[in-house]
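If you want the building blocks of each chain, they are given just below.
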Amino acid sequence: MSDSVNKVIEKNVDPETMLLPYLRKKLQLTGTKYGCGGGGCGACTVMISRYNPITKRIRHYPANACLLPICSLHGAAVTTVEGVGSTKARIHPVQERVAKCHGTQCGFCTPGMVMSIYTLLRNHPEPTLDQLTDALGGNLCRCTGYRPIIDACKTFCKTSGCCQSKENGVCCLDQGINELPEFEEGNKTSPKLFSEEEFLPLDPTQELIFPPELMIMAEKQPQRTRVFVGDRMTWISPVTLKELLEAKVKYPQAPIVMGNTSVGPEVRFKGTFHPVIISPDCIEELSVVNHADDGLTLGAGLSLAQVKEILAEVIQKLPEEKTQTYHAVWKHLGTLAGCQIRNMASLGGHIVSRHLDSDLNPLLAVGNCTLNLLSKEGERQIPLNEQFLTKCPSADLKPGEILVSVNIPYSRKWEFVSAFRQAQRQQNALAIVNSGMRVFFGEGGGIIRELSIAYGGVGPTTICAKNSCQQLIGRPWNEEMLDAACRLILDEVSLPGWAPGGKVEFKRTLVISFFFKFYLKVSQILKTMDPVRYPGLADKYESALEDLHSRNHWGTSKYQDVDPKQLPQDPIGRPIMHLSGIKHTTGEAIYCDDMPVLDGELFLAFVTSSRAHAEIVSIDLSEALSLPGVVDIVTEEDLRGVNSFCLLIEPEKLLETQEVSCVGQLVCAVVADSEVQAKRAAKRVKIVYQDLEPVILTIEEAIRHHSFFQGERKLEYGNVDEAFKVVDQILEGEIHMGGQEHFYMETQSMLAVPKGEDQEMDVYVSSQFPKYIQAIVASTLKVPANKIMCHVKRLGGAFGGKVTKTGILAAITAFAANKHGRPVRCILERGEDMLITGGRHPYLGKYKAGFMNDGRILALDVEHYCNGGATLDESLFVLETGVLKVDNAYKFPNLRCQGWACKTNLPSNTALRGFGFPQSGLITENCITEVAAKCGLSPEKVRMMNMYKEIDQTPYKQEIDATNLIQCWKECMATSSYSLRKVAVEKFNSENYWKKKGLAMVPLKFPVGFGSTAACQAAALVHIYLDGSVLVTHGGIEMGQGVHTKMIQVASRELRMPMSNVHLRGTSTETVPNANVSGASLVADLNGLAVKDACQTLLKRLEPIISKNPKGTWKDWAQAAFDESISLSATGYFRGYETHMNWETGEGHPFAYFVFGAACSEVEIDCLTGAHKNIRTDIVMDIGHSINPALDVGQIEGAFIQGMGLYTIEELKYSPQGVLFTRGPDQYKIPAVSDVPTELHVSFLPPSQNSNTLYSSKGLGEPGVFLGCSVFFAIHDAVRAARQERGLLGPLKLDSPLTPEKIRMACEDKFTKMIPRDEPGSYVPWNIPV
Ligand SMILES: Cc1cc2nc3c(=O)[nH]c(=O)nc-3n(C[C@H](O)[C@H](O)[C@H](O)COP(=O)(O)OP(=O)(O)OC[C@H]3O[C@@H](n4cnc5c(N)ncnc54)[C@H](O)[C@@H]3O)c2cc1C
Ligand code: FES
Ligand code: FES
């Protein structure tokens, strides 16, 4: 194993250990991160290199360390991010470019990104963009929105800087964006955010070589079975087929672990345990590739990535008619999982696992594949058919048997094979439904001779529509056959309403929509093969066959350069790289769980409620306590007197052992000497519940039960009721919006360290609010706050999710640490984190709008209901913000908005980027879209008509100058060529029946502020040391937004010294007390004013000294000041913006200022599958004077992509019993690299106004989220076009997120009409919308 060529010898290999904890805990190589533990996020990516002594080739491939058993790595070289480069030795060009192209924010995903790119470059030093996006498909980033990472990658491509698509021989740069003339901007001075000239060249000869020792070992050492024996598990690695079979006879129940991507997640998440594992190593026969007369034989041990490469070659070489099945398998291999999993997973493992949603098995089944099995008894062949797939004992592997290889026959002339799949996300997402279909006509005639159809995702295993196919044999390939086939298939492949996975009607529709696609595709080929006999398709139907628009990524950012008169060393306004950027990419940036294990450290694991509303009858801790290593279990009893804390309005309990009110509520906490033991013991705590009524989960149920938290919010302006009497039309509607998971890449993490003296404690925690952690810990330990110091270096993302719940988790952790006088660490697993912590509030918005026929809205009456969950948390503030921001960018002369926070039996929902505005804004925009439809106008026209213009008043009577709002809108219209593209979209839609495009533009007015002056105060502390170096501390938390970078820019400007002279160590309650929470887009804004104040104080003190020696250095001045007894340390303070709100009168000045913007998005949808692709987004923002355009563009784009996820693919699923199903990246889909708009253009409005903010800048952390709804409305537009063409002219109600399911079901057609529908109430659905 190598990290910068270090050899590690492990004598006591425990077969249960995965590479990730081994690297992180045992070797202290903490660059490789934990994000999910299940292969779904890519944070743990490493490069594996293996030498093949037969081919003499080295294979480098990316792999997920979280699923790699260390025992499987014998003979392999492991390269971690530390081995790629470091600031101590040399940074690698990948590391440099990702950092300098601003591809890091919180940096938690970054080492994984670097490893994926690095591995790609090891294999392809000049990759294509397709290879790059493919390589990054298995890596998630929650902050950046991927565009800057793609930018960094592009610098390695042969031609960088353009889309690389040469359609008709013309590049995007020549033809203008989207083939339409580009808008000519007044201000063309848009400097680049990074300069490629300074990049280190990539020199493949400089890379680490494969360790010769391992090469010699592979060549020379006699190979024999290796056995590793651990405490509970034995690992056997046979190296010959004979030994493998012997092991299999000896241990027939033992799984054969190849990639461990199927066995691994089952062990980890389902608690499966295997006392023996057989893991063949380099057995030649398992890697065969044989071309025979009848087809291809592929070894079961080949990885899916290798299979993809082999098939690509075969497809190139052989005639198309022979490669139908290969092509279909190859196509699915492009979207199956991410690159890492495809490189680890084996063909055999995939086939034998027989997952219900397997992408390959349906294809291999219809392709008439056979499996070559071997046992001590000899060889035999079995067909990969329905019986095998349903694990029918007579058609399955026998206990002593193994799969050696797979025969995939060639296809024949007049034989056609196709693959279909639809998932929640384009890439790296298990299919909702997938399918393989094959038809054989034989020479001439067009009569079906053979037909095979298999589906995944619609049953407990792959399902073959055998009877349907049988009945269709002998029929001609025509519309009557299509109709009969759909009915037969629906009958045979039936899904009950309660089917696991939900989306039942969608799945039924997909089943026949796929067949329709197959029908069209075959018809089209038949037409090309024999145009006389087969007339083929109408042109407008052909669009059903094309893949969604998939050109490569192309982005621009336009911002204004600094004033040429600004001093060159003054960094304000310049695109300075995130100061931790390089450390992010080298893995040297330290996060909470990267801190080394301390002496005597314990680990704490929570036991949570499994019931939504129940009395706890008893808790039996005995079995858990009896496990070795278990030290204690903290219960409510221990916390008597300190078991609750009030942060905001209502006190919250820490642990609950009487009556639980949601699944995931903290019941008790196990403390043990290792993470493994703590988690094992937590599973052994036995709780007996008595269910209680009612269980309220949804907003509708809460309304029915009148279950609200106290404190309705109401805002009223003008006279709504009177206005309704004079309007031309009145419309009533509603929209439901689902919640959102924060999905910060670093899960909740904390380490409490008792100091052993005076009850002091240090708490290291991933929190946005150290003051609160300090307060809750002090209260729980019954000590004054001055004994508790809370330290935060940086967070791996937060987005509002590391405030309230983090405090409770930290308090219990600190309690355990205090009780035992030992450090205690608590790191939540991804699944626990998602279950416990809640997220964005689901919303129900009901509206009644009164408007004139020309689109002017004169009266709007809105009701907001948010699903607050079991405790109040921040729900009232979220609701309040939603009510205050209901007007978005519009002047509604008469407006009433009321809001209620529903109390339900769900985990408490909390702050999430945008804080109520993304929900409230969507409700308002949806209403406007409906008004436009009623008036027969475009939504954009109605938006413009109702927008604030110039100086006006908000509903709460705060003055607003909307000049820049209108400016953003106009500029966005122009830069996006809205009018031209609107025409182009309409033309496209009239020519295509099954694909539709949609275009939508939304304006943004985002009021920034906390609603109270005190909540906006901030402080800083600046020291100058005698060598002239400066240390800055402030109350803000670095969570990826680059606040520390901006603070150093501020200090550098104020003290007129280079940034390199200023340092910032992190945030601590020890240096800056009583700091406010970091949130609400204001962190840099407020703390910057405090830093500025401190620096100005210091400068003022030092001015006499500086003027005495103007040519002196900072060292001279510091020394002189010291000699003259002038203090070199100063605090800085900002008392907060003057903001207030009176809810009694509904009036106030709750916000400091407004951020304006607009976004225009264009999408294409597939009406048959519900897939969508965001083709292009243009964003224009008024951000005042940017302090750092690189960071600001990053905030806008990152927030936009997060918003896009919120409104289109991120879907939380709860069972009717209130259990969250979506507890990891495998079930919950945040945007991946493939979801980034093909073109993304961000520009800033030239700064026009000066304000009292930090250098007239504006806070940008949150506003961009809402702009993601431009994609929602673009899809809405496309769906409307589809419906109009189908004669459906009535109102269109689409809820958020607008998933493939909702898109498909809204594009009603004969297939949606054909499917059986279940009577609501006749079954219990798998999941319910909350
Ligand atoms: C994050 C993630 C994303 C995924 N996404 C997709 C996706 O989009 N589409 C999709 O179809 N699948 C997906 N998968 C599933 C993946 O394809 C399978 O897990 C994988 O192919 C299994 O191969 P493996 O070598 O890792 O199997 P292992 O886990 O090593 O073994 C699996 C099983 O196969 C048996 N086995 C293995 N080899 C043999 C043999 N030679 N003879 C007899 N028995 C054998 C073992 O006994 C074991 O029971 C995903 C998995 C993960 C973790
Ligand atoms: S931690 Fe390994 S993929 Fe997420
Ligand atoms: S920078 Fe990618 S997750 Fe934060």
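The rules behind each value
Residues numbered from 1 in each chain as written. Chains lettered and ligands numbered in written order. Predicted model: local features only at pLDDT ≥ 70, side-chain atom pairs only at ≥ 80, totals over all residues. Heavy atoms only, no water. Near = heavy atom within 4 Å. Polar contact = N/O pair within 3.5 Å; in protein donor to acceptor, adjacent residues only side chain to side chain. Areas by Shrake-Rupley, 256 points an atom, 1.4 Å probe, with all protein chains shown as cover. Helix = DSSP H or I, 4+ residues; strand = E, 2+ residues; numbered from the N terminus. Nonpolar A, V, L, I, M, F, W, Y, C, P; charged D, E, K, R; others polar. UniProt positions renumbered as here; feature names shortened; annotations may be inferred. Buried < 20%, exposed > 50% of the residue type's maximum accessible area, 1.4 Å probe, protein only. Contact = heavy atoms within 4.5 Å. Phe/Tyr/Trp six-rings, centres within 6.5 Å; stacked < 30°, edge-to-face > 60°. Lys NZ or Arg CZ within 6 Å of the ring centre and 35° of its normal. Salt bridge = Lys/Arg side-chain N within 4 Å of Asp/Glu carboxyl O.

**Quick word on the site of ligand 1**
Thinking step 1. Lining the immediate surroundings of ligand 1 are 33 residues, of which Ile256, Met258, Thr261, Ser346 and Asp359 lie closest.
Thinking step 2. At 2.9 Å from an oxygen atom of ligand 1 is found a main-chain nitrogen or oxygen belonging to glycine 259.
Thinking step 3. Here an oxygen atom of ligand 1 sits 2.8 Å away from a polar atom, N or O, in the main chain of valine 263.
Thinking step 4. Its free accessible area being 990 Å², ligand 1 has 91% of it covered by the protein chains.
Thinking step 5. Elements with a contribution of two residues or more to the shell around ligand 1: α14 (347–353) and β11 (402–409).
Thinking step 6. By residue number, the principal contributor to the shell around ligand 1 is α14, which donates 5 residues.
Thinking step 7. Residues belonging to the shell around ligand 1 are distributed by class as follows: 17 nonpolar, 13 polar and 3 charged.

**Describing the UniProt feature "binding site: substrate" (unreviewed entry) in the protein chain**
Thinking step 1. Here, the residues flagged by UniProt with the feature "binding site: substrate" (unreviewed entry) are Phe915.
Thinking step 2. Along the polypeptide, phenylalanine 915 turns up in the loop between β33 (894–903) and α29 (917–935).
Thinking step 3. The buried category is assigned to phenylalanine 915, whose relative accessible area is 17%.
Thinking step 4. Discounting chain neighbours no more than four positions away, the residues touching phenylalanine 915 are Arg840, Glu874, Phe877, Val878, Thr881 and Glu1262.

**Looking at the packing of aromatic side chains**
Thinking step 1. Scanning the entire structure with this criterion turns up 34 aromatic pairs.
Thinking step 2. Aromatic side chains phenylalanine 1154 and phenylalanine 1156 sit 6.2 Å apart centroid to centroid with 20° between the ring planes, which places their arrangement in the stacked category. Neither residue differs from the other here; phenylalanine 1154 and phenylalanine 1156 are each classed as buried.
Thinking step 3. Measuring from centroid to centroid gives 5.0 Å for phenylalanine 1272 and phenylalanine 1273, while their planes differ by 75°, and the two rings are edge-to-face.
Thinking step 4. Residue phenylalanine 1273 is classed as buried on the basis of its relative accessible area of 3%.
Thinking step 5. Taken together, the ring pairs connect Phe416, Phe420, Phe441, Trp477, Phe514, Phe515, Phe516, Phe518, Tyr519, Tyr993, Trp994 and Phe1311 into an aromatic cluster.
Thinking step 6. Geometry around tyrosine 61 places arginine 59 over its ring, the cationic atom sitting 4.1 Å from the centre.

**What about the pattern of salt bridges?**
Thinking step 1. Counted by the stated rule, this structure contains 78 salt bridges.
Thinking step 2. Residues glutamate 1301 and lysine 503 are paired through a salt bridge, measuring 3.4 Å at the closest nitrogen-oxygen approach. Of this pair, glutamate 1301 sits in helix α39 (residues 1300–1306) while lysine 503 sits in the loop between α18 (479–492) and α19 (504–529), and the two are 798 residues apart along the sequence. The burial state of glutamate 1301 is the same as that of lysine 503; both residues are buried.
Thinking step 3. Taking the shortest distance from any N to any O, the salt bridge between glutamate 716 and lysine 714 comes out at 3.8 Å.
Thinking step 4. Shared partners join several salt bridges into a network, and the residues in it are Arg24, Lys25, Lys33, Asp593, Asp594, Glu601 and Arg825.

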